Every structure is written in C-alpha cells, then in structure tokens.
Amino acid sequence: MLSYRHAFHAGNHADVLKHFVQIQLHEYMNQKDTAYTYIDTHSGAGVYALDGGYASKNAEYETGIGPLWERKDLPKPLAEYVNLIKELNPSGKMRYYPGSPYCADKVMREHDRLRLFELHPADSKILADNFRKVEAHAAAQGERPSARGRRVLIERGDGFHALKTLLPPPSRRALVLIDPPYEDKQDYRKVRDALDDALVRFPSGIYAIWYPVLQRMESRQFADKLKRLAAKEWLNVTLTITTPGPDGFGLHSSGMFILNPPYTLEPTLRQVMPYLVQVLGKNADATYVIEKGTQVTGTASGRTGANGAVRMPVGNARKASPTAGAGSLRLPGQAPAGTPGAAGGAPRAPVAKRSSIAAAAAGKSARPTEAGVTRKSARPAEGGAAGKSARPTGPRNSGPRRP
Ligand SMILES: C[S@@+](CC[C@H](N)C(=O)[O-])C[C@H]1O[C@@H](n2cnc3c(N)ncnc32)[C@H](O)[C@@H]1O
C-alpha cells in the first residue's frame, strides 16, 4: 500500500519529536571522529513546502513546528533543531520543513555516509531531486562532487530489505531510523522482524523507531514488544498533546523508541520534554513519558548476569513545570495519581531482580516511568506534489500514524 504521503503531515508534533531526537542522536555520533553510516529505511521526500500543496491542507505544522518558531526561550537542544529549520528558511518565514534525510545531511560530517530508502515512486524522485539541489549547492561552495556522491546514496526500494544488506556497516558505527507509515498494520511486525535481524547482524547499532500511539491493538502493544528485543538497552519517549476525543479522530500521541540509546539522550529529554508539553500541549491532558530499561540476562536461580539490572524506572513527573525543571515526582513503583492509594501513599519498592526466563514467561516489560503534563540553502522541491494521503484517521480505522 503506497498511499501515504508525508507531505500532509510535515512539521507536526510527531515530526518535532522525531527530528529533535534524531538530531540528538547524530550529535552523539559526531562526538567520535570515526565515520558512521546513517540508514533511513523510510526517507520520505526529504523536504516539504509548508506554504502550499499538501502540507497546507491540514496545516499540521501549525501545531508542531509552528508554536516553536518564534520562541526565544527554547532549551538549547531544541534550539539546535529549530535553528536547523531556520537555516532552511533564510527569509525568516517558515516555508520549508526538513524531513529526516535533510536533518541528517545537515548534521552529519563529510566523511559520514547516508543511505536513504524510499519506496514511493513520486517521493523517491522528489528526494533524489532535492539532494541533487543540495549537491549543486555544495559544489557551488567548493565541495568535490565525487566525495559527496559517495557520501549519499538514495534508492527507490524497500527499506526493511535494504537494512539487511547494509549491516554491519564498514566503520562498525551506525544510526538507523525506521519510520514507516503504519497505515498497514503489518508495518508493526515488519519493524520488529527487521530489528530482530539487525540486532543479530549488528548488535551495537543505535536504532531509532518512530511509532504512533493509537487505540489499535498493534499500536498499544508495540513499545512493549520492542522492549523484548535483544538489545542491551532501550529508551522510550512519548509526546501526547491531548487525549483523543470521543471519535478518536487525529494523531495526538507518538513515540520514539531507541535501542542502544546514548547516555546523553535521557538527560536531554528530561530537559526538553516538559517544555514541549507546555508549548505544544493543547490542554491539561498533554503529557510526556520517558522510560528506559536494560536487557535482562539471568539464570534460572534468579541471579542476574552481566547486564544484570532489571529494567530501571527513571522516575515519574506529573505536571512538570519546564521552567522549574521539576514536577511532583512519582517514585518508581508508585501508583499513578488518581489511583487508589496514590496520594501520599508509600511507594512500592520496584521488583529488584527478575531473570530473563521469568521475564520471558511473564511476557512483560517495565512500565512507563516518567510522565509530565505540563528538528544548504538550495531551495528544495516540495515533498509530495501529486497524489493524496489516504492515511485513515480515527478509532474506526485507528491504523493511521498521522491522521
Ligand atoms: C513517515 S514517512 C517518512 C518520513 C521521513 N522519515 C521523515 O521523517 O521525514 C514514511 C515513508 O515511508 C515510505 N515507505 C512505505 N513503505 C516503505 C518501505 N517498505 N520501504 C521504504 N519506504 C517505504 C512511504 O512512501 C513514506 O514516504
């Protein structure tokens, strides 16, 4: 099914979360000189025009990048993302929004590698056209075209399949973004299968998976299934801007799930998520959740192995104030506010140890642990100049990722 066009959703709150986190991951990868490969299995068109065409239809960017555009109080990591978009819009007017390939190209170094896959014929062509313009601009700035040609590879093809062919990467360093439409519920399974395989081929890669938080079963169970993959560590962050109305229409919540997350990410999220909730949240239902965990390797006797730790809760903040940087913290294991015994009740001690066998038998993973209320100046073509997004939109067809 190739009806999805990302242009309809460019710059919405889900893109904000995804591209902000993506840039943070690149920043971490850039800390070491050794080159790395960025693999974007579902690239989209690369750049989207906001002031016309698809993006202007529902103007989803107005509740995503829009409210951040003029802010003067952006936390530094978020400012990096917004500044990248501002560079794409030198006039100061918000006209273009960068997709994940463009974000990557801007933040990655000359010796790094981009491997971009897009199945849709129109979007893969727009993606290639956009990168040609970026290349032309780079050449105009004096960069050697041959060097850039090796740096970026764009293919019209199945990103799930391509991933198999690229791991492990030559430099043994890789950042993988998996961002399918999820219009087809098979995407949930395909992501898991792809990661299962990728973790065998290249266990130390950083894998970032965007996903929609929806009512459909596949979506509700998705993060918990990802937690059971054979990665050493994981981190999950969700941003909810409001709860769905009775008709459940719209995408109100999305997540980024990172396997082998850099240690730098969690503190950055703690700093930025409350701010995003405050600025993008539509009402008091707006919230974020940060949770992380480690793979449990244990013995039948209950002794844990090298990775020993059980999935560790991070904490839980409700109504966190971005300015104060703190909220009423819910301790690990404590019942959420509003549940019997929650207020003032002694926190339950988290389960201290659990063997992999027990964990597998229980088929469960740690529960969410932090919540709060309270992303070259060549002018690119618009992603999605033809066709129409058929992404469904509500609980009646709650499969969509960005309705
Ligand atoms: C959500 S969009 C990607 C947005 C992009 N990652 C970004 O952040 O700017 C998903 C894209 O995946 C494409 N797609 C769907 N199935 C695919 C597959 N099996 N392999 C590669 N691309 C696919 C769709 O055409 C669509 O452009």
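Residues numbered from 1 in each chain as written. Predicted model: local features only at pLDDT ≥ 70, side-chain atom pairs only at ≥ 80, totals over all residues.

### Details of the UniProt feature "active site" (unreviewed entry) in the protein chain
According to UniProt, the feature "active site" (unreviewed entry) maps to Asp179 in the numbering used here. Relative to the helices and strands, aspartate 179 resides in the loop between strand S6 (174–178) and helix H9 (186–201). Of the residues examined, aspartate 179 has 25 C-beta atoms within 10 Å and is grouped as buried. In this structure aspartate 179 touches Lys18, His42, Ser100 and Trp210, once residues within four positions along its chain are discounted. (UniProt positions renumbered as here; feature names shortened; annotations may be inferred. Helix = DSSP H or I, 4+ residues; strand = E, 2+ residues; numbered from the N terminus. Buried ≥ 20, exposed ≤ 12 C-beta atoms within 10 Å, placed from the backbone. Contact = placed C-beta atoms within 7 Å.)

### Structural notes on the site of the ligand
Contacts to the ligand come from 21 residues, most closely from His42, Gly44, Gly99, Ser100 and His120. Looking at the shell around the ligand, the elements with two or more residues in it are strand S4 (113–118) and helix H8 (159–166). Residue composition of the shell around the ligand, grouped by class: 7 nonpolar, 9 polar and 5 charged. (Near = placed C-beta within 6 Å. Nonpolar A, V, L, I, M, F, W, Y, C, P; charged D, E, K, R; others polar.)

### Overview of the packing of helix H1 (residues 13–29) against helix H4 (residues 76–88)
At a closest axis distance of 9 Å, the pairing of H1 and H4 adopts a crossing angle of 105°. Classified by the interaxial angle, the pair formed by H1 and H4 is roughly perpendicular. Facing H1, whose interface residues are His19, Phe20, Ile23 and Gln24, H4 presents Pro77, Leu78, Glu80, Tyr81 and Leu84. Split by residue class, the contact of H1 with H4 holds 6 nonpolar, 2 polar and 1 charged. (Axes fitted to C-alpha atoms, helices over the stretch in contact; angles between N-to-C directions. Parallel < 35°, antiparallel > 145°, perpendicular 65-115°, else oblique.)

### Things to note about the environment of threonine 63
Residue placement: threonine 63 occurs in the loop between helix H2 (53–58) and helix H3 (66–69). Residues threonine 63 and valine 16, spaced 47 residues apart in sequence, show a C-alpha to C-alpha distance of 9.9 Å.

### Some details on the confidence of the model for the protein chain
Averaged over every residue, the pLDDT of the protein chain is 78; residues scoring 70 or more account for 71%. Scored below 50 in pLDDT, residues 302–403 shows 246 contacts in the model against residues more than four places distant or in partner chains. (pLDDT = per-residue confidence, 0-100.)

### Brief notes about the UniProt feature "binding site: S-adenosyl-L-methionine" (unreviewed entry) in the protein chain
The positions that UniProt labels "binding site: S-adenosyl-L-methionine" (unreviewed entry) are, in the present scheme, His19, His42, Ser100, Glu118, Asp158, Gly159 and Asp179. Position of aspartate 158 relative to the elements: it lies in the loop between strand S5 (152–156) and H8. On the basis of neighbour count, aspartate 158 is assigned to the partly exposed category, with 15 C-beta atoms found within 10 Å.

### Details of the pairing of strand S1 (residues 37–40)
Where a strand is regular, its side chains alternate between the two sheet faces. Residues Thr37 and Ile39 line one face of S1 and the alternating positions Tyr38 and Asp40 line the opposite face, and both faces are buried. Where S1 meets S6, 4 bridges bridge the pair, whose relative direction is parallel. The residue bridging tyrosine 38 from the neighbouring strand is leucine 175, located in S6. (Pairing = 2+ DSSP bridges.)

### A word on helix H10 (residues 217–227)
Within H10, burial applies to Ser219, Phe222, Ala223, Leu226 and Lys227. One face of H10 carries all of its buried residues, which in axial projection span an arc of 130°. Looking at H10, the residues exposed on the side facing more than 90 degrees away from the buried face are Met217, Arg220 and Gln221. Turning to H10, the residues buried within the fold contact H9, strand S7 (206–212), strand S8 (233–240), strand S9 (253–259) and strand S10 (287–294). (Arc of directions from axis to C-beta.)

### Let's talk about the packing of H1 against helix H11 (residues 265–280)
At a closest axis distance of 12 Å, the pairing of H1 and H11 adopts a crossing angle of 160°. If you check the angle between H1 and H11, you find them roughly antiparallel. Note that H1 runs across H11; the crossing there is right-handed. Judged by residue contacts, His13, Val16 and Gln24 of H1 engage Leu265, Thr268, Leu276 and Leu280 from H11. Looking at the contact of H1 with H11 residue by residue, the class counts come to 4 nonpolar, 3 polar and no charged. (Left-handed = near helix turned anticlockwise from the far one by under 90°.)

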